[in-house]
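Observations on the model geometry
Chain residues, written in single-letter form:
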Amino acid sequence: MTGQTAKSYYDQEAWDVKSWVDVIAIEYKKLSTKYPFKKVFQPLATDNTIRLLDVGCGTAIFPGYLDRVLDSELKIVSDLLDISEASLKEASTVLTQLTHFEVGKVHQGLIEEIPGIFNLSDESYDIIWAIHSFTTVDIDRMPKVYSHLIKMLAKDGLLLVYQLARESTYQVLHRYYRSKQVKSDKLTAYMEFEDSIQILDQLAARYSVQSFNFSHKIEESRTDLLKKYLKKVILDDQVEVLEFFSPILPKFYVPKEKQYRFPQTVNLLTIKK
Ligand SMILES: C[S@@+](CC[C@H](N)C(=O)[O-])C[C@H]1O[C@@H](n2cnc3c(N)ncnc32)[C@H](O)[C@@H]1O
(Lines give C-alpha, C1' and ligand atoms only; values in the text may rest on other atoms or scores of the structure.)
Protein backbone atom coordinates (compact mmCIF):
# COMPACT_ATOMS: atom_id res chain seq x y z
CA MET A 1 0.00 0.00 0.00
CA THR A 2 1.35 3.42 -0.83
CA GLY A 3 1.36 6.59 1.21
CA GLN A 4 -1.31 7.97 -1.10
CA THR A 5 -3.68 5.19 -0.10
CA ALA A 6 -2.92 5.82 3.55
CA LYS A 7 -3.53 9.55 3.00
CA SER A 8 -7.00 9.03 1.59
CA TYR A 9 -7.87 6.74 4.49
CA TYR A 10 -6.54 8.92 7.30
CA ASP A 11 -8.07 12.06 5.77
CA GLN A 12 -11.61 10.70 5.91
CA GLU A 13 -13.81 12.82 8.14
CA ALA A 14 -15.99 9.86 9.07
CA TRP A 15 -13.03 8.16 10.62
CA ASP A 16 -13.89 7.72 14.31
CA VAL A 17 -10.53 8.19 15.98
CA LYS A 18 -11.85 8.09 19.55
CA SER A 19 -13.03 4.45 19.61
CA TRP A 20 -9.89 3.39 17.80
CA VAL A 21 -7.66 5.15 20.30
CA ASP A 22 -9.40 3.38 23.20
CA VAL A 23 -8.37 0.01 21.77
CA ILE A 24 -4.80 0.90 20.86
CA ALA A 25 -4.07 3.14 23.88
CA ILE A 26 -2.18 0.25 25.50
CA GLU A 27 0.67 0.47 22.99
CA TYR A 28 1.26 4.18 23.60
CA LYS A 29 0.90 3.77 27.38
CA LYS A 30 3.43 0.93 27.40
CA LEU A 31 5.95 2.80 25.28
CA SER A 32 5.69 6.03 27.27
CA THR A 33 6.08 4.29 30.63
CA LYS A 34 8.53 1.45 29.85
CA TYR A 35 11.11 3.31 27.79
CA PRO A 36 13.28 5.66 29.89
CA PHE A 37 12.46 8.81 27.89
CA LYS A 38 13.42 11.23 30.68
CA LYS A 39 16.81 9.61 31.18
CA VAL A 40 17.49 9.37 27.45
CA PHE A 41 16.26 12.86 26.49
CA GLN A 42 17.73 15.01 29.25
CA PRO A 43 21.43 14.65 28.25
CA LEU A 44 20.54 15.48 24.65
CA ALA A 45 18.86 18.76 25.55
CA THR A 46 20.43 22.16 25.04
CA ASP A 47 19.02 24.81 27.42
CA ASN A 48 16.46 22.14 28.42
CA THR A 49 15.23 21.98 24.83
CA ILE A 50 15.11 18.97 22.51
CA ARG A 51 14.80 19.40 18.73
CA LEU A 52 12.47 16.66 17.47
CA LEU A 53 11.36 15.57 14.02
CA ASP A 54 8.11 13.58 14.26
CA VAL A 55 7.93 11.46 11.10
CA GLY A 56 4.33 10.43 10.33
CA CYS A 57 3.09 12.44 13.30
CA GLY A 58 -0.56 11.51 12.70
CA THR A 59 -2.81 13.25 15.21
CA ALA A 60 -0.04 13.34 17.84
CA ILE A 61 -1.43 10.59 20.02
CA PHE A 62 1.97 9.56 21.32
CA PRO A 63 3.12 13.05 22.45
CA GLY A 64 -0.08 13.19 24.53
CA TYR A 65 1.06 10.13 26.48
CA LEU A 66 4.69 11.18 26.73
CA ASP A 67 3.76 14.62 28.00
CA ARG A 68 2.28 13.02 31.15
CA VAL A 69 5.50 11.22 32.11
CA LEU A 70 7.90 14.13 31.52
CA ASP A 71 7.93 15.97 34.82
CA SER A 72 10.98 18.19 34.36
CA GLU A 73 11.25 21.57 32.64
CA LEU A 74 12.15 19.78 29.41
CA LYS A 75 10.75 21.39 26.26
CA ILE A 76 10.40 19.52 22.96
CA VAL A 77 10.22 21.61 19.80
CA SER A 78 8.61 19.30 17.31
CA ASP A 79 8.86 19.58 13.52
CA LEU A 80 6.05 17.58 11.96
CA LEU A 81 5.90 15.51 8.79
CA ASP A 82 2.87 13.66 7.48
CA ILE A 83 1.11 13.11 4.19
CA SER A 84 -2.29 13.90 5.71
CA GLU A 85 -3.21 17.58 5.93
CA ALA A 86 -6.01 16.86 8.41
CA SER A 87 -3.61 14.98 10.71
CA LEU A 88 -1.01 17.78 10.55
CA LYS A 89 -3.65 20.32 11.58
CA GLU A 90 -4.89 18.16 14.43
CA ALA A 91 -1.32 17.39 15.61
CA SER A 92 -0.50 21.12 15.69
CA THR A 93 -3.58 21.80 17.80
CA VAL A 94 -2.86 18.91 20.17
CA LEU A 95 0.80 19.87 20.69
CA THR A 96 0.04 23.48 21.60
CA GLN A 97 -2.17 22.17 24.40
CA LEU A 98 0.60 20.03 25.92
CA THR A 99 3.02 21.16 28.63
CA HIS A 100 6.31 19.99 27.13
CA PHE A 101 5.71 20.33 23.39
CA GLU A 102 5.91 23.20 20.96
CA VAL A 103 5.21 23.05 17.21
CA GLY A 104 8.14 23.86 14.94
CA LYS A 105 8.03 23.51 11.15
CA VAL A 106 5.21 21.63 9.47
CA HIS A 107 5.96 19.55 6.35
CA GLN A 108 3.25 17.88 4.31
CA GLY A 109 4.84 15.13 2.24
CA LEU A 110 5.62 11.46 1.88
CA ILE A 111 8.08 9.73 4.19
CA GLU A 112 9.67 8.29 1.04
CA GLU A 113 10.42 11.86 -0.09
CA ILE A 114 12.40 12.78 3.04
CA PRO A 115 15.78 12.86 1.23
CA GLY A 116 14.32 15.54 -1.09
CA ILE A 117 12.43 17.47 1.60
CA PHE A 118 15.23 17.97 4.13
CA ASN A 119 18.52 19.58 3.31
CA LEU A 120 21.28 18.06 5.44
CA SER A 121 23.01 21.38 5.98
CA ASP A 122 19.81 22.98 7.35
CA GLU A 123 18.53 20.47 9.86
CA SER A 124 19.96 18.65 12.81
CA TYR A 125 17.75 16.90 15.34
CA ASP A 126 18.40 15.56 18.84
CA ILE A 127 15.61 13.05 18.35
CA ILE A 128 13.82 11.83 15.25
CA TRP A 129 11.00 9.39 15.86
CA ALA A 130 8.66 7.40 13.67
CA ILE A 131 5.95 5.98 15.87
CA HIS A 132 3.83 3.48 13.94
CA SER A 133 4.47 5.34 10.74
CA PHE A 134 6.88 3.06 8.86
CA THR A 135 4.03 0.80 7.74
CA THR A 136 2.37 2.12 4.56
CA VAL A 137 5.62 3.04 2.90
CA ASP A 138 7.40 1.89 -0.24
CA ILE A 139 10.02 -0.43 1.30
CA ASP A 140 12.36 -0.12 -1.68
CA ARG A 141 12.76 3.61 -0.97
CA MET A 142 13.37 3.17 2.76
CA PRO A 143 17.15 2.50 2.73
CA LYS A 144 17.69 6.05 1.42
CA VAL A 145 15.19 7.41 3.96
CA TYR A 146 16.94 5.65 6.85
CA SER A 147 20.34 6.79 5.67
CA HIS A 148 19.14 10.40 5.35
CA LEU A 149 17.41 10.39 8.74
CA ILE A 150 20.54 9.11 10.47
CA LYS A 151 22.56 11.91 8.84
CA MET A 152 19.97 14.45 10.02
CA LEU A 153 20.72 13.60 13.65
CA ALA A 154 22.79 15.93 15.80
CA LYS A 155 25.92 14.49 17.43
CA ASP A 156 24.69 11.83 19.95
CA GLY A 157 21.18 12.21 18.51
CA LEU A 158 18.85 9.20 18.30
CA LEU A 159 16.40 7.87 15.75
CA LEU A 160 13.53 5.99 17.43
CA VAL A 161 11.35 3.69 15.31
CA TYR A 162 8.36 1.96 16.92
CA GLN A 163 7.26 -0.71 14.50
CA LEU A 164 5.08 -3.81 14.25
CA ALA A 165 6.89 -7.14 14.13
CA ARG A 166 5.99 -9.84 11.62
CA GLU A 167 4.18 -12.03 14.19
CA SER A 168 1.76 -9.23 15.20
CA THR A 169 -1.91 -9.92 14.54
CA TYR A 170 -2.04 -6.65 12.62
CA GLN A 171 0.36 -8.11 10.08
CA VAL A 172 -1.35 -11.52 10.14
CA LEU A 173 -4.69 -9.90 9.26
CA HIS A 174 -3.18 -7.71 6.56
CA ARG A 175 -1.37 -10.69 5.01
CA TYR A 176 -4.69 -12.58 4.96
CA TYR A 177 -6.37 -9.60 3.28
CA ARG A 178 -3.63 -9.41 0.65
CA SER A 179 -3.75 -13.15 0.01
CA LYS A 180 -7.42 -12.85 -1.01
CA GLN A 181 -6.59 -10.22 -3.66
CA VAL A 182 -9.69 -8.14 -2.82
CA LYS A 183 -8.60 -5.24 -4.99
CA SER A 184 -7.76 -5.40 -8.65
CA ASP A 185 -4.48 -3.50 -8.19
CA LYS A 186 -1.79 -5.48 -6.45
CA LEU A 187 -1.55 -4.64 -2.75
CA THR A 188 1.91 -4.27 -1.32
CA ALA A 189 2.84 -5.60 2.10
CA TYR A 190 3.04 -3.37 5.14
CA MET A 191 6.59 -2.59 6.11
CA GLU A 192 7.55 -4.27 9.39
CA PHE A 193 10.31 -4.35 11.98
CA GLU A 194 12.15 -7.17 10.21
CA ASP A 195 12.43 -5.02 7.06
CA SER A 196 14.00 -2.24 9.11
CA ILE A 197 16.56 -4.62 10.59
CA GLN A 198 17.57 -5.78 7.13
CA ILE A 199 18.04 -2.19 5.96
CA LEU A 200 19.92 -1.11 9.09
CA ASP A 201 22.28 -4.09 8.83
CA GLN A 202 22.98 -3.22 5.21
CA LEU A 203 23.74 0.35 6.28
CA ALA A 204 25.94 -0.99 9.11
CA ALA A 205 23.94 1.22 11.49
CA ARG A 206 24.30 0.96 15.26
CA TYR A 207 21.03 0.11 16.97
CA SER A 208 19.36 -1.62 19.90
CA VAL A 209 15.90 -3.18 20.19
CA GLN A 210 13.30 -3.22 22.94
CA SER A 211 10.28 -5.46 22.50
CA PHE A 212 6.75 -4.61 23.64
CA ASN A 213 4.00 -7.23 23.84
CA PHE A 214 0.32 -6.60 24.46
CA SER A 215 -3.13 -7.41 23.12
CA HIS A 216 -5.77 -5.15 21.63
CA LYS A 217 -8.97 -6.19 23.37
CA ILE A 218 -12.51 -5.76 22.05
CA GLU A 219 -15.62 -7.00 23.88
CA GLU A 220 -17.75 -9.40 21.86
CA SER A 221 -20.76 -7.11 22.31
CA ARG A 222 -18.95 -4.18 20.60
CA THR A 223 -19.55 -5.38 17.05
CA ASP A 224 -19.30 -1.88 15.61
CA LEU A 225 -15.95 -1.33 17.21
CA LEU A 226 -14.69 -4.72 16.03
CA LYS A 227 -15.69 -3.79 12.47
CA LYS A 228 -13.92 -0.44 12.72
CA TYR A 229 -10.84 -2.08 14.14
CA LEU A 230 -10.63 -4.63 11.32
CA LYS A 231 -11.25 -1.97 8.67
CA LYS A 232 -8.51 0.15 10.14
CA VAL A 233 -6.07 -2.76 10.11
CA ILE A 234 -6.51 -3.18 6.36
CA LEU A 235 -7.19 0.54 5.68
CA ASP A 236 -10.22 -0.46 3.61
CA ASP A 237 -13.77 0.63 4.34
CA GLN A 238 -15.33 -1.32 1.49
CA VAL A 239 -14.86 -4.83 2.86
CA GLU A 240 -17.57 -6.61 4.89
CA VAL A 241 -14.93 -7.39 7.48
CA LEU A 242 -16.82 -9.76 9.79
CA GLU A 243 -17.69 -12.04 6.92
CA PHE A 244 -14.34 -11.60 5.25
CA PHE A 245 -12.31 -12.50 8.33
CA SER A 246 -14.75 -15.18 9.57
CA PRO A 247 -12.38 -18.08 8.72
CA ILE A 248 -9.67 -16.73 11.03
CA LEU A 249 -11.52 -14.49 13.52
CA PRO A 250 -12.50 -17.33 15.95
CA LYS A 251 -8.80 -17.87 16.61
CA PHE A 252 -8.73 -14.53 18.43
CA TYR A 253 -11.89 -15.05 20.51
CA VAL A 254 -11.49 -15.78 24.23
CA PRO A 255 -14.83 -17.30 25.38
CA LYS A 256 -14.05 -16.97 29.09
CA GLU A 257 -13.61 -13.21 28.72
CA LYS A 258 -16.26 -12.82 26.02
CA GLN A 259 -13.80 -10.74 24.06
CA TYR A 260 -11.51 -10.72 21.08
CA ARG A 261 -7.81 -10.44 21.79
CA PHE A 262 -5.38 -9.49 19.07
CA PRO A 263 -1.81 -10.04 20.33
CA GLN A 264 0.77 -7.59 19.01
CA THR A 265 4.52 -7.34 19.20
CA VAL A 266 5.84 -3.87 18.55
CA ASN A 267 9.57 -3.22 18.72
CA LEU A 268 11.33 0.00 19.48
CA LEU A 269 14.52 0.51 17.51
CA THR A 270 16.95 3.00 18.99
CA ILE A 271 19.38 3.96 16.25
CA LYS A 272 22.53 5.96 16.87
CA LYS A 273 24.18 8.45 14.56
C1 LIG B 1 -0.72 5.24 12.87
S2 LIG B 1 -0.54 6.89 12.40
C3 LIG B 1 0.79 7.51 13.33
C4 LIG B 1 0.56 7.83 14.75
C5 LIG B 1 1.44 8.90 15.29
N6 LIG B 1 2.84 8.74 14.98
C7 LIG B 1 1.24 9.03 16.77
O8 LIG B 1 2.17 8.81 17.52
O9 LIG B 1 0.18 9.36 17.22
C10 LIG B 1 0.28 6.80 10.85
C11 LIG B 1 0.50 8.18 10.24
O12 LIG B 1 1.49 8.08 9.23
C13 LIG B 1 1.05 8.77 8.07
N14 LIG B 1 1.62 8.06 6.92
C15 LIG B 1 1.43 6.76 6.58
N16 LIG B 1 2.15 6.46 5.50
C17 LIG B 1 2.80 7.60 5.14
C18 LIG B 1 3.74 7.91 4.11
N19 LIG B 1 4.12 6.99 3.25
N20 LIG B 1 4.22 9.18 4.06
C21 LIG B 1 3.84 10.13 4.96
N22 LIG B 1 2.96 9.88 5.94
C23 LIG B 1 2.46 8.62 6.04
C24 LIG B 1 -0.46 8.71 8.07
O25 LIG B 1 -1.02 9.80 7.38
C26 LIG B 1 -0.75 8.75 9.57
O27 LIG B 1 -0.98 10.04 10.01
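This text follows the structure it describes.
What counts and what doesn't
- Residues numbered from 1 in each chain as written.
- Predicted model: local features only at pLDDT ≥ 70, side-chain atom pairs only at ≥ 80, totals over all residues.
- Helix = DSSP H or I, 4+ residues; strand = E, 2+ residues; numbered from the N terminus.
- Rg over C-alpha atoms; globule rule 2.2 N^0.38 Å.
- Buried ≥ 20, exposed ≤ 12 C-beta atoms within 10 Å, placed from the backbone.
- Contact = placed C-beta atoms within 7 Å.
- Pairing = 2+ DSSP bridges.
- Core = buried A, V, L, I, M, F, W, Y, C linked by C-beta atoms within 7 Å.
- Axes fitted to C-alpha atoms, helices over the stretch in contact; angles between N-to-C directions.
- Left-handed = near helix turned anticlockwise from the far one by under 90°.
- Nonpolar A, V, L, I, M, F, W, Y, C, P; charged D, E, K, R; others polar.
- Expected span 1.5 Å × (residues − 1).
- Parallel < 35°, antiparallel > 145°, perpendicular 65-115°, else oblique.
- Right-handed = clockwise from strand over helix to strand, strands pointing away.

Concerning the overall build of the chain
Assigned secondary structure in the chain consists of eleven helices and eight strands. In summary, the chain has a C-alpha radius of gyration of 19 Å against a globular reference of 19 Å for 273 residues, a match within 12%. Expressed along its principal axes, the backbone C-alpha trace of the chain runs to roughly 55 × 40 × 35 Å. Of all 273 residues assigned to the chain, the portion counted as buried reaches 36%. Across the chain, the fraction of contacts at a sequence separation of at least 24, relative to all contacts at a separation of at least 6, is 86%.

Thoughts on the environment of Ile218
Within the secondary structure, Ile218 is located in strand S6 (residues 206-219). For Ile218, a count of 22 C-beta atoms within 10 Å corresponds to the buried category. Separated by 43 residues in the primary sequence, Ile218 and Arg261 place their C-alpha atoms 6.6 Å from one another. Apart from residues no more than four positions distant in its own chain, Ile218 is found in contact with Val23, Leu225, Leu226, Tyr229, Gln259 and Tyr260.

As for unusual backbone geometry
Residue Asp47 is not a glycine yet carries a positive backbone phi of 50 degrees. With respect to the secondary-structure elements, Asp47 resides in the loop between helix H3 (37-41) and strand S1 (49-55).

A short note on the environment of Leu225
Tracing the sequence through the fold places Leu225 in helix H10 (residues 223-234). Among the residues examined, Leu225 registers 17 C-beta atoms within 10 Å and is labelled partly exposed. Look past the residues within four positions of Leu225 in its chain and what remains in contact with it is Ser19 and Ile218.

Structural notes on the pairing of strand S8 (residues 259-272)
Pairing of strand S5 (residues 153-164) with S8, which is carried by seven bridges, proceeds in the antiparallel orientation. Paired with Gln163 across the two strands is Asn267, which belongs to S8. The pairing of S6 with S8 spans 14 bridges and is antiparallel. Considered in S8, the bridge of Ser211 is made with Asn267. One ladder, built from two bridges, connects strand S7 (residues 253-254) with S8; its direction is antiparallel. Counterpart to Tyr253 in the pairing with S8 is Tyr260. Counting the residues in the hairpin turn of S7 and S8 gives four residues, including Lys258, whose phi is positive at 50 degrees.

Some details on the nonpolar core
Core analysis: the largest hydrophobic core is formed by 64 residues, its most contacted members being Ile127, Ile128 and Leu159. A per-element tally of this core places S5 first, with seven residues.

Let's talk about the packing of helix H7 (residues 142-151) against helix H9 (residues 193-202)
Packing of H7 against H9 leaves a shortest axis separation of 10 Å and a crossing angle of 65 degrees. Here the hand of the crossing between H7 and H9 comes out right-handed. On H9, the residues that touch Met142, Pro143 and Tyr146 of H7 are Ile199, Leu200 and Gln202. Residue composition of the contact of H7 with H9, grouped by class: five nonpolar, one polar and no charged.

Quick notes on H10
Look at H10: 17 Å from first C-alpha to last across twelve residues, which is about the 16 Å you get at 1.5 Å a residue. Among all positions of H10, only Leu226, Tyr229, Leu230, Lys232, Val233 and Ile234 are buried. Residue Leu235 follows H10 closely and has a positive phi angle near 50 degrees.

As for the packing of helix H8 (residues 169-179) against H10
Each pair of packed helices can be summarised by the angle the axes make with each other and by the distance between the axes. Where H8 contacts H10, the two axes come as close as 9 Å, and the packing angle between them is 75 degrees. In this view, H8 runs roughly perpendicular relative to H10, as classed from their interaxial angle. Along its contact with H8, which presents Tyr170, Leu173, His174 and Tyr177, the element H10 presents Leu230, Val233 and Ile234.

Side note on the environment of Gln97
Mapping Gln97 onto the fold places it in the loop between helix H5 (85-96) and strand S3 (101-108). Residue class for Gln97 comes out exposed when judged on the 10 C-beta atoms lying within 10 Å of it.

Concerning the pairing of S1
Counted residue by residue, S1 has six buried out of seven residues, so it is predominantly covered. Pairing of S1 with strand S2 (residues 75-82), which is carried by seven bridges, proceeds in the parallel orientation. Following the sheet pairing, Leu52 is matched in S2 by Ser78. The parallel pair S1 and S2, bridged by helix H4 (residues 61-69), forms a crossover whose chirality is right-handed. Direction of pairing for S1 relative to strand S4 (residues 125-131): parallel, over a ladder of three bridges. Directly across from Asp54, in S4, lies its bridge partner Trp129.

Shape descriptors only; they carry no functional weight alone.
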